[in-house]
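Structural overview
As a plain string of letters, each chain reads:
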Amino acid sequence: MEICTGVVSSVVEKILEYPIRLIGRHLGYLIYYRANQKNLTNQVTELDNKKSSIERRAHEAQRNNEELEKCVTDWISKAERKIQEANGVITDGGHENAKCACNGSFPNLLSRYKLSKQAKLMAEDIVDHIEKPGKFENFSYRPLIQHSFKNKDFEAFVSRTKTSNEIMEALKDPDIPMIGVYGMGGVGKTTLVKEVAHQAKIEEFFSEVVMVTVSQEFNPKNIQQGIAEVLGLRFEGEILSNRANELRKRLSQEKKILIILDDIWSELELLEVGIYFEAGDQKGCKILLVSRDRDVLCNRMGVTKSIEVKILSGSEAQGLFNKFVGDKADNLDFKELANQVVGECGGLPIAIETIACSLKNKDIIVWKDFFYSSIKMSYDFLENEEEKKFLLLCSLYREDANVRVNDLMFYGIGLDLFQEVHAMEEARCRAHSLVDKLKAHCLLLDGDYKNTVKMHDVICDVMISIAKKDEHMHCLTKVADLEDCLHKENFREYSKAIALLGPDFNNHLLPSLVCPKLQLLFACDTWWNRSRSLETIPDDFFKEAQELKALSFYYDSLQSLPQSFCTLRHLRALRLRLGKKADLTLIGELRNLIILDLSSSNFSQLSEHIGKLTKLRSLNLSRCYGLVIQPNVISSLVRLEELYMDHVNIDWEVEGPMGEGRNASLMEFKNLRNLTTLHLDVRDANVLPKDMFSENLQRYRIVIGRINGDREFTGSRLLYLNFRETSQVYQSGIQKLMKNSEAMWLEGFHGVDNIVYVLDGFPQLKEFHLRSNDEVRYIVHSTEDIQPCSAFPNLETLNLENLRNLEKICYSNVTMESFGKLRRIDVRSCNKLKNLFSFSIARKFEVIRVSHCRMMEMLVYHGSEDAPHGNINNEAISEKIEFPQLHSLNLNSLSNLIFFWSGLETTCGSSLSDSPQPLFGEKVVFPSLKDLQLSGMNFIELWSTISCMQNLRKLSVSDCPNLKYLFTVAMAGRLAQLERVQISRCHVMEEVVVMKETIEEGTPQNISFPKLKYLELEDLPNLKRFCTGGCIECPSFLEPRIKNCGELRMFISSNEEEVEGPFFNEKVCFPILEKLTLKGVNLKILWAGQLSITSFGMRNLKSLDIHSCDNLSHLFSLDMARSFLSLEELLLWSCKDMEEVLVTKGPIEEGTPQKISFPKLKNFRLKDLPNLKRFCTGDCIECPSLLELRIENCGVLRMFISSNEEEIEGPFFNEKISFPKLKNLLLRNHQNIKQFCAGCCIEFPSLTYMKIRKSCNEDIHHRFLQWSIWRIDGIRSQTTSLQWKVVLECSSMINWLASSTAKTLVHLRLMSIIECKQMTKIITNEIGDDEIIFDKLKILELSDLPSLRSFYSAGNSVMRFPNLEKLVVSQCPEMRRFSFGMIDAPKLDSILEIKKSKICRCQNPNESYGRVTLTRR
């Protein structure tokens, strides 16, 4: 009974436990109300601290030009949201009712329960969020720099075209790793090389093209940095050798890269810089060197091929001159003089352009005075002093520097160069005007970046001379040079401008700069080259330079300013990068300052001293992260016209009386009545005061709220806005700027369903990006139908993204001007949108990109403005529907798309007919379309038989599951410009080109693609053929790539019933084919026996790559093989049924030699061919250019070549082969080879690397080694630079070399012996051998040799390794002694690196163990 009672009690207790625990938790919300609220407050504080820490890291990353990972930006956004939500709970008005009142009233339990529960759950959520940053895999990344090589200055002269073609051919030649381009200064080398780089990039010869200017005073670190920035490499330190190793390692990952080093003056050690490519694996990597001196390139740097850029011919020079002078070239009075001028220019394009532009509008008297230097003459003919001084300012920069126009404006204002200019905007316009004039005179060039200019080195030399002689402007690169100059009275007394550019000035400056008339001083000429080492300036540095007007020190970051700084009373323009400890007090004493640039500084507070600069008109505080601005500082700068605060997130005080808080308030901006330029980032829209923004702003870049994604717009009036509520737009006055903005990015804006109606018509907008709004239904929707709506009259680019409820872009009649300039549209993830625009608007589009719009049924419709009677059907439209300017169309993941254009308009809720129609109907015409990309769509037919895309060049189609074919024969005939076709993952496609038109009997069905160069067919499991017909002609065809097309047996067949036969038969005509790649194709015979050599292009084929073609028994016949005269690469992989690569077909007359030759073959690989018996049968095989031979996993292969099919046993390499240039040899997994070679009669005189792994037996290895050592010994006197590498992996070898043979290995650089299970010693002793020297051996590796006892067993001998740097002994358990004699290895730093070996590790080189003594010189 007691047992039963206990059981029942236990059960009841368990039953009651859960509801009690549940009741307790809910009661806890009431009981622990205050504790939960306090805990939430604490967690919010901790989260806010954590957010501040993450934001500081984010700011630091952005200062280093890094982009934040999305997980970081998401975390910050969520943290802000959670803080805001938590503060809402903490400050909820319901707390008053939830507390116990002093008068004894009972609290509101429901309110108390609700608020307590919210606080507890929210605190737990915040704790989880605080812990997430510790799980970030990456915080930020550095985006790669993309160089542009657009080259508008290139003139396609006959001589230049010939030279550029020669360079291009050299770049294509894998045997030419380094090309040199040389010619006299001003001949146009840089322009030509840029054009070559541009063409190489367009034609995709290289994955990356990097161009770096070396210049006369070159710095290896600058070269390293220029390459590293394009490759995304960040160096860990400043030591040159370490940086070189990092760069070398990074470059080793590249397979096709072109590095251009321009303007080389003297020998440059590429290896010391870190530029090096492996000869075997990196044949696609090239180095292009440009210099005035051929000797530097050929004799000192050893370029493989040098190409001269010659002066222009007489007719070319005359034509170029006439182009610039215009009509005067035909005037008889000028003609003779023009010939003299051209002759004086010596065929130099730079001189011709410069002189011609100068003389263009001059009288004949001026022409007759042409007796002196062309460039000096151009300078003298400049119209005013402003132009001359502006040009001389550019000469102060380092050679080939990209000079920012804003910097020139900075110095121009500082030196008071601009006449009749009273405002900053006027000065900016004047600076750009002067630059344009100097470009027109050919004295300045466009820079590599926007709003930058460069000066040609020839002109720069002349300008430097003029600046130094006439204007006392000097450019110095070393502290010692400055010190020497200061000892010269002329320099001290008259110098007006000095540029300190060399890295020598990064470390220290002279105690004093004694230049009483100096007006301009700058150091480190470009922001991307600024130093990080100079932290202080000597106190008396400026004491004797009190006339300075413009000062720019780019040092990052100065920690203090010198006492003499306050003496610069005449300073008008100042640029500094200040550190955290910098005090701004001295800057406040410079009362004549007009421009103050402190961007990218680290100082923490903008103090009240800056408020004293009442003449200041431009202030730049961009990228001063964590900055605090004291109240009333900004409002004191009443003459300020420009304020730059990009990427500065300040905790602005909320609207209220000024001066109350720690930070300034945005209310102070209202006091800046002269402000015309404003760059500002405001994180919280709630701090914006009422009517903050004025219509007086002419230039602005304003960011309000958090903006995610790429936001780099172009223009001078930019807005990035993320408002939660639309009312904030009107309260802040930002709508005044929206009317004049050129580019705008909008996020949020909740409560808006019609953008234009709510936010006005955007009359000046050129770029518009609207993103992440769930309420917008229309972009344009007029509420009044009486008058057409006017919207976006100047819009050029429209980007709509993630607008889930967007139903229509334009839902009302609009004026003719609306969207009239729209040329690019990009729409993504707008799932209710069924179409884009009416035809009247869309017909002017140039680029259309639409992706992931699930309900999109057509892109363009025939609207009411296109047809007077409203909607009409397609049949009623007789004229063509033409899109004359569209050149790029990209459609992706539009599963419901039926038409590109239709006469019927659909809206959300309506639908088109389900009857299948071509995507591009017969009335649609695209005369300019060049690039068409289609992916993830369900159409059955792509286009009508008469659709017109006659200029299409690139076509890509993928993931279209219902597409059975791509072209009809008639359609293919209209694509005469097509160059590239890519088709992938279209699983029901059976043919690419089909015959749907009626053909008269006996009429040949010929198909032609006259300009097709590249064809890629991949993952098409049901593809049976490319086409049927009488013939397919592709006269420009270079490279077909066909992969994973399991049903494909023939490229072309006569009819649909023909399914078996040679893959390429007599119907194909590819006369210039260069590369053929086939993988996973179900072919049995690759070529037809009667295939025409000339029509198929066998003589031009350079690369043949056959992979996973299991039914292929052989590759080609003997007769056909003789046609492959240009074949350079032959790769055969995983063809299970292949028995011979080359077969002899038909009877051979007795005595007829069966000689096989591949004269240009360089790379030959056989891999995973389990049934391959031999390469071929015959009398001889010659490969005079073969460099690399790799044979792997060909299990039954015993002979490379045999005399006949019956011969299956014999030496693997016999006297029938000739590979005189073979450098690399690899054999892997060939245990059935019984004899490696036939004695010592085979010659591989160029062999430098040999690796044999799991192949042959011990006897074979001895024979092979006797042969190989004999060859090394025979050529060692002739090839002193030979680098021999030997790698052995053979389980049956007992020893490798006799001591007499070892003595001949004087050129061996690397010896690696691994996985030789039975080897007991490496070198065996022979009587009389008392010394062995491995003179050039650098690396010795002994690994996984379980039976090895010693390297050398002789007791009284000496072994010398004079250059050995690394010795590795790994997994040699029986090895107790390295040698029984003396060993000399003077360069061996780490004696042994031992793993699982019994030998004692020798820490001291002079220690001995056993009878082994290691000595060092």
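A quick note: this is a predicted structure, and the numbers were derived from the prediction, not measured.

Cut-offs applied
- Residues numbered from 1 in each chain as written.
- Predicted model: local features only at pLDDT ≥ 70, side-chain atom pairs only at ≥ 80, totals over all residues.
- Heavy atoms only, no water.
- Helix = DSSP H or I, 4+ residues; strand = E, 2+ residues; numbered from the N terminus.
- Buried < 20%, exposed > 50% of the residue type's maximum accessible area, 1.4 Å probe, protein only.
- Contact = heavy atoms within 4.5 Å.
- Areas by Shrake-Rupley, 256 points an atom, 1.4 Å probe, with all protein chains shown as cover.
- Patch = residues over 30% accessible without salt bridge, like charges linked within 9 Å, V, L, I, M, F, W, Y side chains within 5 Å.
- Salt bridge = Lys/Arg side-chain N within 4 Å of Asp/Glu carboxyl O.
- Lys, Arg positive; Asp, Glu negative; His and termini not counted.
- Charge placed at Lys NZ, Arg CZ, Asp CG, Glu CD.
- Core = buried A, V, L, I, M, F, W, Y, C linked by side-chain atoms within 4.5 Å.
- Disulfide = S-S within 2.5 Å.
- Phe/Tyr/Trp six-rings, centres within 6.5 Å; stacked < 30°, edge-to-face > 60°.
- Pairing = 2+ DSSP bridges.
- Axes fitted to C-alpha atoms, helices over the stretch in contact; angles between N-to-C directions.
- Parallel < 35°, antiparallel > 145°, perpendicular 65-115°, else oblique.
- Left-handed = near helix turned anticlockwise from the far one by under 90°.
- Nonpolar A, V, L, I, M, F, W, Y, C, P; charged D, E, K, R; others polar.
- Polar contact = N/O pair within 3.5 Å; in protein donor to acceptor, adjacent residues only side chain to side chain.
- Expected span 1.5 Å × (residues − 1).
- Arc of directions from axis to C-beta.
- pLDDT = per-residue confidence, 0-100.

Let us now look at the overall build of the protein. Secondary structure summary: the protein contains 32 helices and 77 strands in total. By the burial criterion, 52% of the 1417 residues in the protein qualify as buried. A sequence separation of at least 24 residues applies to 70% of the contacts in the protein between residues at least 6 apart. As presented, the protein carries roughly 62,400 Å² of accessible surface, and 47% of it is formed by carbon and sulfur atoms.

A cluster of acidic residues, Glu217, Asp481, Glu483 and Asp484, forms a negative patch on the protein surface. Counting through the fold element by element, Glu217 comes out in the loop between β4 (208–213) and α8 (220–231). When its relative accessible area of 58% is taken as the criterion, Glu217 is described as exposed.

In this section: the nonpolar core. With 241 residues, the main nonpolar core has Ile587, Trp652, Phe837, Phe900, Phe967, Trp1087 and Phe1116 as its most contacted residues. Among the elements that make up this core, the one with the highest residue count is helix α21 (residues 479–486) (four residues). Other than its neighbours up to four places away in sequence, Trp652 contacts Ile629, Ile634, Met645, Ala664, Ser665, Leu666, Phe669, Leu680, Asp681, Val682 and Val687. Core analysis: the next-biggest nonpolar cluster, separate from the first, contains 49 residues, Leu438, Val453, Cys460 and Ala499 among them.

Under the definition given, this model contains zero disulfides. Here Cys460 stays free of any disulfide, with the sulfur of Cys475 as its closest cysteine sulfur at 8.2 Å. Cysteine Cys1176 remains unbridged, with the sulfur of Cys1183 as its closest cysteine sulfur at 8.9 Å.

The next point concerns the packing of aromatic side chains. For the structure shown, the criterion picks out 44 aromatic pairs. Look at Phe1164 and Phe1175: their rings are 5.1 Å apart centre to centre, the planes differ by 75°, and that puts the pair in the edge-to-face class. Taken together, the residues Phe1164 in strand β55 (residues 1163–1167) and Phe1175 in the loop between β55 and β56 (1176–1177) connect sequence positions 11 residues apart. Both residues of the pair, Phe1164 and Phe1175, belong to the buried class. Taking the centre distance of 6.4 Å and the plane angle of 65° together, the rings of Phe1361 and Phe1378 count as edge-to-face. With Phe1361 in the loop between β72 (1358–1360) and β73 (1366–1370) and Phe1378 in the loop between β73 and β74 (1382–1384), the pair connects residues that are 17 residues apart, well separated along the chain.

Let's shift gears to the sheet that holds strand β57 (residues 1180–1182). With parallel pairing, the three strands of this open sheet are ordered in space as β54-β57-β61. Lying at the two open borders of the sheet, with one neighbouring strand each, are β54 (1155–1157) and β61 (1217–1218). Note: β57 against β61, two bridges, orientation parallel. The partner of Glu1182 across the bridge, within β61, is Ser1218.

Where helix α2 (residues 33–63) meets helix α5 (residues 109–131), the axes come as close as 8 Å, and the angle between the chain directions of the two elements is 30°. Between α2 and α5, the angle falls in the class roughly parallel. Judged by the twist between their axes, the crossing of α2 over α5 is left-handed. Of the residues in α5, those touching α2 at Tyr33, Asn36, Gln37, Asn39, Leu40, Gln43, Val44, Glu46, Leu47 and Lys50 are Arg112, Leu115, Ser116, Ala119, Lys120, Met122, Ala123, Ile126, Val127, His129 and Ile130. In the contact of α2 with α5, the residues fall into 11 nonpolar, six polar and four charged.

So, on to unusual backbone geometry. The residue His647 is not glycine, and still its phi comes out positive at about 55°. Mapping His647 onto the fold places it in the loop between β20 (642–645) and β21 (677–682). For His647, a relative accessible area of 26% translates into the label partly exposed. Even without glycine at this site, Asn802 takes up a positive phi of about 60°.

Position of Lys286 among the secondary structure elements: in strand β6 (residues 286–291). A polar contact of 2.6 Å, which involves the side chain of Lys286, links it to the backbone oxygen of Ile176. Contacts of Lys286, omitting those with residues within four sequence positions, involve Ala170, Leu171, Asp173, Pro174, Ile176, Pro177, Phe206, Ile257, Leu258, Ile259 and Phe277.

The next thing to look at is the sheet that holds strand β44 (residues 1025–1028). Across the sheet, which stays open at both edges, the four strands sit in the order β39-β41-β44-β47 with parallel pairing between neighbours. Two strands bound the open sheet, and with one partner strand each, they are β39 (967–968) and β47 (1052–1053).

Bringing the pattern of salt bridges into the picture now. For the structure on display, the rule yields 50 salt bridges. Among the ionic pairs, Arg699 bridges to Glu425, the shortest N-O distance being 3.7 Å. Here the residue Arg699 occupies a position in strand β22 (residues 699–704), and Glu425 occupies one in helix α19 (residues 424–440), the gap between them amounting to 274 residues. Two residues, Arg828 and Glu801, come together in a salt bridge whose shortest N-O distance is 3.5 Å. Residue Arg828 is found in strand β29 (residues 824–828), and its partner Glu801 is found in strand β27 (residues 797–801); the two are separated by 27 residues along the sequence. Overall, the relative accessible area of 29% leaves Arg828 in the partly exposed class. One network of salt bridges, with partners in common, ties together Lys51, Glu55, Glu80, Asp651, Arg683 and Arg706.

On to helix α3 (residues 70–90), then. End to end, α3 covers 30 Å across 21 residues, agreeing with the expected 30 Å (1.5 Å per residue, within 8%). Of the residues making up α3, those classed as buried are Val72, Trp75, Ile76, Ala79, Lys82, Ile83, Ala86 and Val89. Each buried residue of α3 sits inside an arc of 145° when the element is viewed along its axis, so together they form one side.

Summarising the model, the protein shows a mean pLDDT of 79, and 80% of its residues fall at 70 or more. Predicted confidence is poor over residues 525–532, with pLDDT under 50, and the contacts of this stretch with residues over four places away or in other chains come to 26 contacts. Every residue in residues 1396–1417 scores below 50 in pLDDT, and together they form 75 contacts with partners more than four places removed in sequence or on other chains.

Below, the discussion takes up the environment of Arg572. You can see Arg572 is positioned in the loop between β14 (550–553) and β15 (573–575). Ignoring sequence-local partners within four residues, the contact set of Arg572 consists of Ile413, Gly414, Asp416, Lys549, Asn592, Leu593, Ile594 and Ile595. Looking at Arg572, its side chain comes within polar contact range of the main-chain oxygen of Gly414, at 3.2 Å.

Take Lys82: it is sitting in helix α3. A C-alpha to C-alpha distance of 9.7 Å links Lys82 and Ala123, two positions 41 residues apart in sequence. When near neighbours in sequence (up to four residues on either side) are disregarded, Lys82 contacts Leu47, Asp125 and His129.

As defined by bridge partners, β27 adjoins β29 across five bridges and the pair is classed as parallel. From the neighbouring strand, Leu798 faces β29, where its bridge partner is Ile825. Sheet analysis places β29 next to strand β31 (residues 847–851), joined by five bridges and oriented parallel. Within β31, the residue paired with Val827 across the bridge is Val850.

In this section: the pairing of β73. The two faces of the sheet receive side chains in turn, since in a regular strand these alternate between them. In terms of burial, β73 is largely enclosed, as four of its five residues are buried. Taken together, the five bridges between strand β70 (residues 1339–1343) and β73 define a ladder with parallel strand orientation. From the neighbouring strand, Leu1340 faces β73, where its bridge partner is Leu1367.

The residue Ser140 is located in strand β2 (residues 140–141) in this model. With sequence-adjacent residues up to four places away left out, Ser140 is seen in contact with Ala61, Glu66, Glu67, Leu68 and Glu69.

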